[in-house]
Amino acid sequence: MKRHPWIGLLGAAMFVGLAGGSAVADETVSIGGSRAVLIKPNAPRASVILMPGGDGRIGAGDHGDIHALAFNQLVRTRRAYAARGLAVLVVDAGTPLDAAVQYMAAIKRPVTVIGTSRGTLRAAEGIARGARPDALVLTSGFLSAESGSGQNVMSILGSPASLPRTLVIHHRQDSCRSTLPAGVEPFIKWSAGRARVRWVSGGVSEGDPCEARAYHGFNGIDGQIVGIAAGVR
């Protein structure tokens with residue numbers, strides 16, 4: 001069967017309800033001296049590393065419990081990725097990305113890093129330091145100067161040479177001052193063919209436009225975002 005080159009973002013034949021995709025209980029693991037939360041299905045098809053926004057401090061407890069950033073879009077949807085047959089690692093801001101990629105590669109490749117909001121900055125910093133995931137997903141990203149912030153993925157990396165295959169997911173109505181939709185196209189052009197964008201709309205926007213309950217956090221359309229990020233078509 002002929003496949004579109006982007007269908008394989010998280011590996012071939014990734015479908016909802018695959019046999020063997022039931023997840024075991026969340027567990028806390030230590031990576032590079034930092035606590036992270038692992039959810040591992042019985043037969044994972046691929047791996048994802050979730051990098052939340054905000055200050056990135058998830059407050060992992062002793063038994064896979066998360067005590068901070070609970071409504072962050074990636075934190076609140078972590079089990080939905082596992083339900084799609086993916087091994088999931090939710091990392092803390094202090095987790096070295098290179099070590100996290102190696103940890104998940106030992107479980108199952110390909111390894112895709114998914115960062116949202118300020119998590120996209122931490123993803124870029126990790127790649128700049130040598131992390132080499134198989135793919136990258138940037139949601140509500142600090143992408144370029146036109147996004148509204150002087151610190152962004154482009155400024156951190158300097159060149160697209162180290163950028164892995166990248167998918168940008170962005171809400172058309174994101175009004176956060178640092179992740180404006182205007183920043184997407186300059187990033188795509190800068191990527192020299194390494195990145196593409198998937199625009200979304202709809203959902204609910206409440207409160208601070210830079211928080212998880214706004215369009216910025218894809219409030220109300222979690223299933224759509226997880227489906228896109230997980231490569232489900």
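For the structure, see preceding data.
Note that the coordinates shown come from a computational prediction; the quantities given were computed from them, not determined experimentally.

How do you make sense of helix H4 (residues 118-128) when you look at a structure like this?
In an α-helix, one turn spans 3.6 residues, which is why side chains three or four residues apart end up on the same side. The buried fraction of H4 is high, at 8 of 11 residues. Elements in contact with the buried residues of H4: strand E3 (46-51), helix H3 (97-107), strand E5 (111-116), strand E6 (135-139) and helix H5 (153-157). Directly beyond the C-terminal end of H4, a positive phi value near 120° is found at Gly130.

Quick question: what am I supposed to make of the state of the cysteines here?
Chemically, a disulfide is nothing more than a covalent bond linking the sulfur atoms of two cysteines. The tally for this structure, following the rule as stated, stands at 1 disulfide. Between the sulfur atoms of Cys176 and its disulfide mate Cys210 the distance is 2.2 Å. Note on the Cys176 and Cys210 pair: the S-S dihedral is about 95°, so by sign convention the disulfide is right-handed. On the criterion of sequence distance, the pair formed by Cys176 in the loop between strand E7 (165-171) and helix H6 (184-190) and Cys210 in the loop between strand E8 (195-200) and helix H7 (222-229) is long-range, its members being 34 residues apart.

Looking at this structure, how should I read H3?
Considered for burial, the residues of H3 that qualify are Leu97, Ala100, Val101 and Met104. Axial view of H3: buried residues confined to an arc of 100°, hence all on one face. Of the residues in H3, the exposed ones pointing more than 90 degrees away from the buried face are Gln102 and Ala106. The inward-facing, buried residues of H3 contact strand E1 (27-31), strand E2 (34-39), E3, strand E4 (86-90), E5 and H4.

Any chance you could explain the nonpolar core here in plain terms?
In globular proteins that are soluble, nonpolar side chains generally tend to be buried together. Counting residues in each nonpolar core, the largest one holds 31 residues, and the members touching the most others are Ile49, Leu89, Leu97, Val113 and Phe187. Sequence-distant contacts of Ile49, that is, excluding residues within four places in its chain, are made with Leu89, Val91, Leu97, Ala100, Val101, Met104, Val111, Thr112, Val113 and Ile114. Of all hydrophobic cores here, the second largest spans 27 residues; its members include Ile39, Ile169, Phe218 and Ile225.

Would you mind going over unusual backbone geometry with me for this structure?
Here the residue pair Arg109 and Pro110 is connected by a cis peptide bond, since its omega of 0° sits within 30 degrees of zero. Mapped onto the secondary structure, Pro110 falls in the loop between H3 and E5. Although it is not a glycine, Ser117 sits at a positive phi angle of roughly 50°. Looking at where Ser117 falls in the secondary structure, it is placed in the loop between E5 and H4. On the accessibility criterion, Ser117 (10% relative accessible area) is buried.

Help me understand the pairing of E7 in this model?
Every regular strand shows the same layout, with side chains that alternate between the two sheet faces. By the criterion of burial, E7 is predominantly enclosed, with 6 of the 7 residues buried. Strand direction decides the pairing type here: E6 and E7, joined by 5 bridges, are parallel. Looking across to E7, one finds that Ala135 is bridged to Arg165.

Which parts of the structure should I look at to understand the pattern of salt bridges?
A pair can form between side chains of opposite charge whenever their charged atoms are brought close. If you walk through the whole model with that rule in mind, you get 6 salt bridges. Put simply, Arg35 and Asp62 hold a salt bridge, and the shortest N to O gap is 2.6 Å. Of this pair, Arg35 sits in strand E2 while Asp62 is found in the loop between E3 and helix H1 (73-76), placing the two residues 27 residues apart along the sequence. Using a relative accessible area of 40% as the deciding quantity, one classes Arg35 as partly exposed. Taking the relative accessible area as the measure of exposure, Asp62 reaches 53% and is therefore exposed. If you follow the salt bridges from partner to partner, you end up with Asp26, Arg78 and Arg79 in one network.

Just checking my understanding: could you explain the packing of aromatic side chains for this structure?
Aromatic ring pairs are reported here in terms of the distance separating the ring centres and the angle at which the planes meet. This structure, assessed with the given rule, holds 1 aromatic pair. Taking 5.5 Å as the distance between ring centres and 35° as the angle between the ring planes, the aromatic pair formed by Phe187 and Trp190 counts as tilted. With Phe187 and Trp190 both in helix H6 and 3 residues apart, this pair spans about one turn of that helix. Looking at Trp190, the relative accessible area reads 17%, which means it is buried. In this arrangement the basic side chain of Arg213 is found over the ring face of Phe71, its NZ or CZ atom lying 4.1 Å from the centre.

How should the sheet that holds E7 be read in this particular structure?
Sheet strands pair by backbone hydrogen bonding; their relative direction is either parallel or antiparallel. Reading across the sheet, the 8 strands line up as E1-E2-E4-E3-E5-E6-E7-E8 and stay open at both edges, with mixed pairing between neighbours. With partners counted over all chains shown, the strands left at the sheet margins are E1 and E8, one partner each. With strand direction ignored, the average angle separating the axes of adjacent strands in the sheet is 25°. Judged from the 5 bridges that link them, E3 and E4 form a sheet pairing that is parallel. Across the sheet, residue Ile49 finds its bridge partner in E4, namely Leu89. Relative to the sheet, H3 contacts E1, E2, E3, E4 and E5, its axis offset from that of E3 by approximately 155°. Packed on one face of the sheet, H4 meets E3, E5 and E6 and runs near 140° to E5.

Calculation notes
- Residues numbered from 1 in each chain as written.
- Predicted model: local features only at pLDDT ≥ 70, side-chain atom pairs only at ≥ 80, totals over all residues.
- Heavy atoms only, no water.
- Buried < 20%, exposed > 50% of the residue type's maximum accessible area, 1.4 Å probe, protein only.
- Helix = DSSP H or I, 4+ residues; strand = E, 2+ residues; numbered from the N terminus.
- Contact = heavy atoms within 4.5 Å.
- Disulfide = S-S within 2.5 Å.
- Arc of directions from axis to C-beta.
- Core = buried A, V, L, I, M, F, W, Y, C linked by side-chain atoms within 4.5 Å.
- Pairing = 2+ DSSP bridges.
- Salt bridge = Lys/Arg side-chain N within 4 Å of Asp/Glu carboxyl O.
- Phe/Tyr/Trp six-rings, centres within 6.5 Å; stacked < 30°, edge-to-face > 60°.
- Lys NZ or Arg CZ within 6 Å of the ring centre and 35° of its normal.
- Axes fitted to C-alpha atoms, helices over the stretch in contact; angles between N-to-C directions.

Just distances and angles here, no functional claims.
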